[in-house]
Amino acid sequence: MTTLSHASVWAAIDAIASKNELSPSGLARKAGLDPTTFNRSKRTANDGRERWPSTESIAKVLTAINADVDEFMALMTGADTAYETIRPKRTIPLLGFAQAGKGGFFDDSGFPEGQGWDEIEFPGDGGEAVYALEVTGDSMMPLFRDGDRIIVSPNAQIRRGDRVVVKTLDGQVLAKTLARQTAKTIELESLNPDHKNITFEQKDIDWMVRILWASQ
């Protein structure tokens, strides 16, 4: 018997996304919905109450992927027990560089806070605090191109030569290589020879996080 429960409905949505090689955010976008519609942060209210997807959003998803209600119900069968294996292991915040430059999105360590971002899938059990930024511009070419997504960690130790993302107090967000760091200054080097090195006073830096890898 098909069980209609909060877990089974969300599991079916995750399964549909996975079958179509999409993240929950990608599925929402394909259906013409707000990209955050199916984010995990939207599935439970701050007070612990369960939030359910609307029938309208489910209908739009089924239309977008050319599926029917029977297929959706089939994916719900046994979903209560299979939910842990159906759903993606982890989703992490995704922000664009312009979005990252605005105030109010980050805590003091440089990690996003709130719920105003998109999400992407990321392997792992959630033990490490990471998030994704979408590259804009050509200052990190040829390694990172416009549109590439880079995974960064606010908690990772940073050494000279590491690739980093730096946000200044005036809102600049830069993906560079840490060339030199002193008690007073930070020098950043571009991998693109058309861009000169930049030096900032430490007092002008909001936060600096290390780039772990890129999804290209």
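First, a word on scope: everything that follows refers to the structure included in this document.

## Quick notes on the nonpolar core
- Ile16, Leu27, Phe38, Val61 and Phe72 are the most contacted members of the largest nonpolar core, which totals 20 residues.
- Counting residues per element, the ones that place at least two in this core are α1 (6-19), α2 (24-30), α3 (55-64) and α4 (69-76).
- With seven residues, the single largest contributor to this core is α1.
- In this view, Phe72 contacts Val9, Ala12, Ile13, Ile16, Ile58 and Leu62; residues no more than four positions away in its chain are not counted.
- Counting residues in hydrophobic clusters, the runner-up holds 16 residues, among them Phe97, Trp117, Tyr131 and Ile211.

## Here's the deal with α1
- Over its 14 residues, α1 runs 20 Å from end to end, which matches the ideal 20 Å to within 8%, given 1.5 Å per residue.
- Of all 14 residues making up α1, 11 are buried, and the element is well covered by its neighbours.
- Within α1 the residues assigned to the buried category are His6, Ser8, Val9, Trp10, Ala11, Ala12, Ile13, Asp14, Ala15, Ile16 and Ala17.
- The first or second residue beyond α1 is Glu21, which carries a positive phi of 55°.

Cut-off values and rules
Residues numbered from 1 in each chain as written. Predicted model: local features only at pLDDT ≥ 70, side-chain atom pairs only at ≥ 80, totals over all residues. Heavy atoms only, no water. Core = buried A, V, L, I, M, F, W, Y, C linked by side-chain atoms within 4.5 Å. Buried < 20%, exposed > 50% of the residue type's maximum accessible area, 1.4 Å probe, protein only. Helix = DSSP H or I, 4+ residues; strand = E, 2+ residues; numbered from the N terminus. Contact = heavy atoms within 4.5 Å. Expected span 1.5 Å × (residues − 1).

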